[in-house]
Amino acid sequence: MKNELNRCRDKLDFCKAGVVILCVVIMLLSAMLYFCRSAHASGFAEVGQSNYSMPPNMLWWQDVDRYEIRQNMTDNYLRAGYEWPVGKNFGFRASAFSLGQYSLYAEVNTDELCVVRHGKDSKSNCGPSEGVETRGNIRGLAISAVARTSGETRLFAEGGVTWNQQSFHLYQCSLCFNLKNTYNETRSGGGYMFALGIERGPWSVSVFYYNSNIGVFDSGNIPSGIGEVRGWSIGYRF
C-alpha cells in the first residue's frame, strides 16, 4: 500500500511539473512573439548531440574490472528560441532545450567498502552482485547573452542561467537480473550554460556545456542523477 501511494504521489508530482512547464513555455513563446514584432527579434534553432557525464562511481556502477557495465550516455540535443539584438554584435536569448536521455546498466555490489578494499578481485571476494539500471533525461529553459566578433565569418560566445527538470528512474533486482522499476523521481532546479562557436550567414556550429544542481535525489541524500552535460550543435537563425 505504501509503495502504491508513493507511485501515485510521484505521478501526481510529475503531472503538476508538466503543467507548470507547459504554462511557462506558452507564456515564454507568447512573450517572444509579442516582442518579436517590435524589437526585431530573430528565431533560432539548434540540433546536435549531448553527452552526459557519468554518475558518481561506487554508487550505481563500480570502476573495477569484471563487473559488467553498459552505458548509453549520448542522445539528441534540441534547442529553439528567440534572440533580441542589443547593438551590432550583442544580444539576449530566451530558449527552450532538451538534452535528451541517458541510460546506464551495471552489475554492482552493495558492499562498497569491500569493493574498495579488494579492487579488481572484489567480484570473487565481496559476495553476490546485482543488476541495476538507471535512466534519466533533462530539459529546461534558458535566458542567455551572446556576443560576436565582426566580419562575414564570426566567432561567438554565449552564457546564461537555466531552469532544468530531470526525471530519474531506477530498475533493480537482487541476484536475478530481472529488472523491475523500484524508484522514480523528478526534480527541478537552477543551473547555467556556456557555448562557443562560429557563424557564417544564418548557420552556426558550436560546442556547449550545461551544469545544474538537480543531480541529487532522495531528499538530497543520494547523488544518483547527472548534473553535467557537454555536446555540440548546428544552428540556424531565421
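Residues numbered from 1 in each chain as written. Predicted model: local features only at pLDDT ≥ 70, side-chain atom pairs only at ≥ 80, totals over all residues. Heavy atoms only, no water.

Caption draft 1: Looking closely at the pattern of salt bridges. As enumerated under the stated definition, the model contains 15 salt bridges in all. A salt bridge links E185 to R187; the nearest nitrogen and oxygen atoms lie 3.9 Å apart. Take E185: its relative accessible area is 17%, and that puts it in the buried class. The class of R187 is partly exposed, set by a relative accessible area of 26%. The closest approach of N and O atoms between R230 and E228, which form a salt bridge, is 3.6 Å. Three or more residues joined by partner-sharing salt bridges are found here, namely E46, R79, E83, R93, R148, R154, E158, E199 and R237. (Salt bridge = Lys/Arg side-chain N within 4 Å of Asp/Glu carboxyl O. Buried < 20%, exposed > 50% of the residue type's maximum accessible area, 1.4 Å probe, protein only.)

Caption draft 2: Local environment of the pairing of strand β8 (residues 203–212). In terms of burial, β8 is largely enclosed, as seven of its 10 residues are buried. Across 10 bridges, strand β7 (residues 180–200) lies against β8 in antiparallel orientation. Pairing of M193 across the sheet is with Y210, part of β8. Linking β7 to β8, which pair antiparallel, is a turn of two residues; within it G201 sits at a positive phi near 65 degrees. Looking at chain direction, β8 and strand β9 (residues 228–237) are connected through nine bridges and run antiparallel. Bridging across to β9, V205 finds its partner in I234. (Helix = DSSP H or I, 4+ residues; strand = E, 2+ residues; numbered from the N terminus. Pairing = 2+ DSSP bridges.)

Caption draft 3: View of the environment of E152. Checked against the element boundaries, E152 lands in the loop between β5 (130–148) and β6 (153–174). In the structure, E152 is positioned 49 residues away from G201 in sequence and 7.2 Å away in space, judged by C-alpha atoms. Look past the residues within four positions of E152 in its chain and what remains in contact with it is E199, R200 and G201. Polar contacts involving the side chain of E152 include one to the side chain of R200, which spans 3.0 Å. (Contact = heavy atoms within 4.5 Å. Polar contact = N/O pair within 3.5 Å; in protein donor to acceptor, adjacent residues only side chain to side chain.)

Caption draft 4: Up close: the side chain of S122. Among the structural elements, S122 can be located in helix α3 (residues 122–125). On the basis of relative accessibility, which here comes to 0%, the residue S122 falls in the buried class.

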